[in-house]
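Remarks on the overall topology
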Amino acid sequence: MTTHAPTLDTDMPTVPQSCDLAVVGAGPAGLAAAATAARAGLKTLLLDENPGPGGQIYRAITRSPLPEGAVLGPDYWSGSPLARNVTTSQVTYLAQTTVWSLARDLELGISRAGSAYLIRPRRVILATGALERPMPIPGWTLPGVMTAGGAQTLLKSSGLVPEGRLVLAGCGPLLFLLAAQFLEAGVKIAAILDTTAAGAWRAALPEAFDFLTSPYFRKGISLLRKVRAKVKIISGVTALQAEGEGVLRAVSYETASGKGRIEVDTLLLHQGVVPNLNLGNAAGIPTVWDEAQCCFRPDVDGEGTSAIPGLAVAGDGAGIGGALGAAERGKLAALVAIEALKPDAPVLSEKPQVEAALSKVLRGRAFLDRLYRSAEAFRRPSGDTIACRCEEVSAATVRETVKLGCAGPNQLKSFLRTGMGPCQGRMCGLTITELMAQAQGVSQAEIGYYRLRPPVKPITLAELASLPKDESAMKSVERG
Amino acid sequence: MFRRLPEAKGDTVLITVDGKPVTARAQDTVAAALLAAGIDHCRTTPVTGAPRAPYCLMGVCFDCLVVVDGRGNRQGCMVQVADGMRVETQQGKRDIAR
Ligand code: FES
């Protein structure tokens, strides 16, 4: 019997026991942070789960099977220099490496090629990025339903596109960007079901000036035009349902003017992105409710600094600011680390430029936040609709349990096992908070988010057994 | 289902899925290879036995769990294919330590 260990190039670096700075995540924030720190001479370690650098936005940037240009567009390919800066630098970059724990004293538990290791860096920057906001509609667990981001990943890293009848549903820039990329690749889209709320344009208007003068405006408008010219867009969608027995057959929808139904093979859902906060949460960084972005984010300051000494969060993982913003925030967090460890490094003089660049690329963000705020109907499911995909818990069950006196998300875990499955609440956390807030008639901030514990990713007993058996290893295992 | 764009380049590798030969590309993850091969679900859930297919493709949802070379509960979207790899779709619960 042959066994395939995760494929790792033999000339890949080994895991060091210590370093000045460990950066978790090789998206724009992590790449920029690592490159900046290495320039200042910090011994820098960059850890990432994927086979190549880029994170989700620049996924497979160094190894995409698609030719540069055309389908994926210039914004995607603009990520190349970020990846190159790291691969040509002194950064020790460990791909296909999972971080499963982070302790308050910054000890990192990682696994790589079937073995686990503990590393003790002097400082840590979490650049764990964003994930798609859950969109719990009836039937969203059916094969054939996928996230728009997931479909985009297949396009970037494998050159795959949906075959058969395709519908995109939801709201947010990514939905239209993906539609434009599909059109460029010759993929037909039967319809886009736009769930942008009816009053959203009016709510966003006060922020319009900043947006109109931002770099996103012209790009956004030309994208919308291109998609509108070729795809039927049904706007003002207030309800969605994926139909089928065991596999997706159709999507039905409602608007103010009535109901509709489209037979489909693939339905791609998207309603914005939210910070992936699991690792920081498990390390003890408090989560705070961000009303403007309608999600939780880690409690860090503008430079990403948390209350835990030496631990920072940069990029979309600290609050959504987009790819360009993420790179600047990565640099900023690195500069803070450099200031602490090498206060006379020349690179520190670049801070004002980074801050200026950051405020420029964040312009217009408030407009997008208001315009594409996920409508309540798509955040607060009802009836049989599954809220927790791992444990198959419905919205109705969550509501009933709240009525029985269950006060918060952490207590709900022990009643329903929500958030206890392998996804560790990443797919249900926001939905659970929304449902509990609604049932109790209070704000999401009052309900709060799951308090998570390591391991934040499943780790096998065999991997744990490979840890060195000293005292700290034993402690770490107990914590796990 | 999914199809490969003609402009996508890359070497071909051969894997098996539930014993049947499937051609994939070297850059593919197991989840991508299954979707490209028209395999409509990769597991059934432990609770109700409902079929699931890869949903997020970024390691978050765990709906892509499969058995790879005899080891269960592997995230298909996070594992790269390799020539000769044996993939099995996963029915219900698997012992996490396997
Ligand atoms: S498809 Fe979501 S974890 Fe693999």
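Residues numbered from 1 in each chain as written. Chains lettered and ligands numbered in written order. Predicted model: local features only at pLDDT ≥ 70, side-chain atom pairs only at ≥ 80, totals over all residues. Heavy atoms only, no water.

A separate point is the pairing of strand β4 (residues 97–102) of chain A. Residue and element names in this part refer to chain A. By the criterion of burial, β4 is predominantly enclosed, with six of the six residues buried. Relative to strand β5 (residues 108–112), β4 is paired through five bridges, and the arrangement is antiparallel. Bridging from a neighbouring strand, threonine 98 pairs with serine 111 of β5. (Buried < 20%, exposed > 50% of the residue type's maximum accessible area, 1.4 Å probe, protein only. Helix = DSSP H or I, 4+ residues; strand = E, 2+ residues; numbered from the N terminus. Pairing = 2+ DSSP bridges.)

Inspection of the entire model under this criterion finds 26 salt bridges over all chains. Between aspartate 28 of chain B and arginine 4 of chain B there is a salt bridge, and its shortest N-O distance comes to 2.9 Å. Taken together, the residues aspartate 28 of chain B in the loop between β3 (20–25) and α1 (30–36) and arginine 4 of chain B in strand β1 (residues 2–4) connect sequence positions 24 residues apart. Since its relative accessible area comes to 0%, aspartate 28 of chain B is described here as buried. Linking arginine 43 of chain B and aspartate 63 of chain B is a salt bridge whose minimum nitrogen-to-oxygen distance equals 2.5 Å. Taken together, the residues arginine 43 of chain B in strand β4 (residues 43–44) and aspartate 63 of chain B in the loop between β5 (51–52) and β6 (65–68) connect sequence positions 20 residues apart. As far as burial versus exposure is concerned, arginine 43 of chain B and aspartate 63 of chain B are alike and both buried. One connected set of salt bridges, linked through shared partners, spans Arg389 and Glu392 of chain A together with Arg43, Arg52 and Asp63 of chain B. (Salt bridge = Lys/Arg side-chain N within 4 Å of Asp/Glu carboxyl O.)

A separate point is the sheet that holds strand β15 (residues 258–263) of chain A. Residue and element names in this part refer to chain A. Taken together, the three strands give an open sheet; going across it, the order is β13-β14-β15, and neighbouring strands pair in antiparallel fashion. The open sheet terminates on both sides in strands that have one partner only, identified here as β13 (239–243) and β15. Sheet twist, expressed as the mean angle between neighbouring strand axes with direction ignored, is 15°. (Axes fitted to C-alpha atoms, helices over the stretch in contact; angles between N-to-C directions.)

Under the present numbering, the feature "domain: FAD/NAD(P)-binding" (unreviewed entry) in UniProt falls on residues 20–319 of chain A. In the segment residues 20–319 of chain A, helix accounts for 27% and strand for 31%; the C-alpha atoms at its two ends are 25 Å apart. (UniProt positions renumbered as here; feature names shortened; annotations may be inferred.)

Turning next to the state of the cysteines. All names here are of chain A. Within this structure, the stated rule accounts for zero disulfides over all chains. You can see cysteine 171 has no disulfide; the closest cysteine sulfur is in cysteine 294, sitting 10 Å from it. Under the relative-accessibility criterion, cysteine 171 is labelled buried at 1%. (Disulfide = S-S within 2.5 Å.)

Turning our eyes to something else, we now look at the sheet that holds strand β11 (residues 191–194) of chain A. Residue and element names in this part refer to chain A. If you walk across this open sheet you meet the five strands as β8-β16-β10-β11-β12, and the pairing is parallel. Because the sheet does not close on itself, it has two edges, and the strands there are β8 (145–147) and β12 (233–234). Two strands pair when backbone bridges link them, and β8 and strand β16 (residues 266–271) are joined in this way by three bridges, in the parallel orientation. The partner of valine 145 across the bridge, within β16, is leucine 267.

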